[in-house]
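Chains, contacts and geometry: an overview
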Amino acid sequence: MPTTLRHSPGARVGLSIAVATGLYGISFGALSVSSGLDIWQTSALSLLLFSGGSQFAFIGVIAGGGSGAAAAGAAALLGIRNAVYGMQLNALLHPRGWRRFAAAQVTIDESLATSTGQTVLVEQKRGFWVAGLGIFVLWNVFTLIGALAGDAVGDPKQWGLDGAAVAAFLGLLWPRLRSKEAGAIAAVCALATVLTVPLVSPGVPILVAAVVAGAIGWFGFRHGPAGEGLEPDVDPYPGPPDAPGSTDAQAPR
C-alpha cells in the first residue's frame, strides 16, 4: 500500500529540489534584465521556455551582442536533451490527456532525476510532478523578483544561489553511484565536462558529458554480459525490509 503524500519520499525529494532550484531564478531574472531584456520578456522566457540552461544561454548571447536568432539557436541546442528526457519519461510514467502537455512543459533535468531516483512507480510519478511543478512555480516567481530587484540583488554567487542548485542536483545523483561502474562513468563524464568548460559555450559541456555517457553505455551494453546494463543493482533510497515497495521486501528469500 503506497504511503501518503505527506510521507512520500518522492514528494519530499521533489520539494527540496524545487526550493533549491527555484531560488536560483533570482539570478536569471537579475542577469536577464542586465543583459538588455525588460521585465516582461524575462518573465516570458521563464514561463514559456522554462529550461535553465537554455535560458542562461539565450541571455548570454544577447548580452554578448548576438542576434535574437543566434540566441534562439543556442537555447535550442541545449534544449535537445529535454526531448530525450521526454521520451524516457513518457515510457516510464505514461501520462494521458492534458497531463501529457503539462508533463512536457515540466520535463527538465531535476524532475527527471527525481523521478528516476525512485524505485516504485507511484513514487516516480510523485517525484516527477512535485519537482516539476514546484520548480515551475518557484522559478517563475523568483525570476520576477530578480527582474524587479535588478542590480539590488548583486552577484548571485554572494548569496550562494549558484551552489544551491548544483548541490541539490548532486544530492540526487550521489545515491546512484554505489556501483563501481556507475562511479567510473560519472568520473569520466566529470573529467570531460571540466576539460570542455574553457573551450565551449556555457551549457555545452553537459551535452558533451551526455554523449560520453551514452557512448560508454552503448559499448557496455554491446560488449557486456547479455541482459546486463550499467544501472546499479541497488535501491538508491532503501527503506525497512518490510516496507511497501521496498526491493528487499520483494526479493526472494
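Note that the structure is predicted; figures quoted are calculated from it, not measured.

1. Some words on the pattern of salt bridges
Following the criterion strictly, the structure yields one salt bridge and no others. In this structure, R126 and E123 form a salt bridge, with 3.2 Å as the shortest nitrogen-oxygen distance. Remark: E123 and R126 occur in helix α8 (residues 121–149); sequence separation between them is three residues, near one turn of the helix. For the residue pair R126 and E123, the accessibility class agrees, reading buried in each case.

2. Points about unusual backbone geometry
Residue F50 is not a glycine yet carries a positive backbone phi of 45°. Mapping F50 onto the fold places it in the loop between α3 (39–49) and α4 (52–63). Of note, the phi angle at H94 is positive, near 50°, even though the residue is not glycine. With relative accessibility at 45%, the residue H94 sits in the partly exposed group.

3. Some remarks on the packing of helix α6 (residues 98–105) against α8
When two helices pack together, their arrangement is given by the angle between the helix axes and by the axis-to-axis distance. At a closest axis distance of 10 Å, the pairing of α6 and α8 adopts a crossing angle of 65°. In terms of crossing hand, the pair formed by α6 and α8 is left-handed. Here R99, A102, A103 and Q105 of α6 come into contact with α8, specifically with F128, W129 and F136. Here the residues of the contact of α6 with α8 sort into five nonpolar, one polar and one charged.

4. Observations concerning a nonpolar patch on the surface
A surface patch of nonpolar side chains, about 230 Å² in accessible area, is lined by V137, V141 and I145. One can find V137 in helix α8.

5. Remarks on the nonpolar core
Counting 22 residues, the largest nonpolar core has L45, F50, F58, F128, I135 and W139 as its most contacted members. When contributions to this core are tallied by element, the ones reaching two or more residues are α1 (9–23), α4, α5 (68–93) and α8. Here the element with the most residues in this core is α5; it accounts for five residues. In this structure F58 touches L37, L45, G68, A71, A72 and A75, once residues within four positions along its chain are discounted.

6. Considerations on the UniProt feature "transmembrane region" (unreviewed entry) in the protein
With numbering matched to this structure, UniProt assigns "transmembrane region" (unreviewed entry) to residues 12–36, 56–80, 128–147, 159–175 and 206–221. As annotated, residues 12–36 comprises 88% helix and 0% strand, and the C-alpha atoms at either end are separated by 37 Å. Measuring from the first to the last C-alpha atom of residues 56–80 gives 15 Å, for a span that is 84% helix and 0% strand.

7. Some words on the environment of A209
Note on placement: A209 falls in helix α11 (residues 204–223). A relative accessible area of 11% places A209 in the buried class. Linking A209 and T196, residues 13 residues apart in sequence, is a C-alpha distance of 9.3 Å. Setting aside residues no more than four positions away along its own chain, A209 makes contact with C189 and T193.

8. Side note on α4
Taking 1.5 Å of rise per residue, 12 residues should cover 16 Å, and α4 covers 16 Å from first to last C-alpha, within 8% of that figure. Of all the positions in α4, only S54, Q55, A57, F58 and I59 are classed as buried. Tucked into the core, α4 has its buried residues touching α2 (25–34), α3, α5 and α8. In the segment just after α4, G65 is the residue with positive phi, at about 95°.

9. Description of the packing of aromatic side chains
In this structure the tally under the stated criterion is five aromatic pairs. Both rings, one in Y24 and one in F56, keep their centres 5.6 Å apart while their planes meet at 35°; by these two values the pair is tilted. Residue Y24 is located in the loop between α1 and α2, and its partner F56 is located in helix α4; the two are separated by 32 residues in the primary sequence. Relative to W139, the ring of F28 lies with its centre 6.2 Å away and its plane at 25°, an arrangement referred to as stacked. Taken together, the positions of F28 in helix α2 and W139 in helix α8 put the pair 111 residues apart, joining distant regions of the chain. Like F28, the residue W139 is buried in the burial classification.

10. Some remarks on the environment of L148
With respect to the helices, strands and loops of the structure, L148 is situated in helix α8. On the basis of relative accessible area, L148 is assigned to the exposed category, the value being 58%.

About the cut-offs
- Residues numbered from 1 in each chain as written.
- Predicted model: local features only at pLDDT ≥ 70, side-chain atom pairs only at ≥ 80, totals over all residues.
- Heavy atoms only, no water.
- Salt bridge = Lys/Arg side-chain N within 4 Å of Asp/Glu carboxyl O.
- Helix = DSSP H or I, 4+ residues; strand = E, 2+ residues; numbered from the N terminus.
- Buried < 20%, exposed > 50% of the residue type's maximum accessible area, 1.4 Å probe, protein only.
- Axes fitted to C-alpha atoms, helices over the stretch in contact; angles between N-to-C directions.
- Left-handed = near helix turned anticlockwise from the far one by under 90°.
- Contact = heavy atoms within 4.5 Å.
- Nonpolar A, V, L, I, M, F, W, Y, C, P; charged D, E, K, R; others polar.
- Patch = residues over 30% accessible without salt bridge, like charges linked within 9 Å, V, L, I, M, F, W, Y side chains within 5 Å.
- Areas by Shrake-Rupley, 256 points an atom, 1.4 Å probe, with all protein chains shown as cover.
- Core = buried A, V, L, I, M, F, W, Y, C linked by side-chain atoms within 4.5 Å.
- UniProt positions renumbered as here; feature names shortened; annotations may be inferred.
- Expected span 1.5 Å × (residues − 1).
- Phe/Tyr/Trp six-rings, centres within 6.5 Å; stacked < 30°, edge-to-face > 60°.

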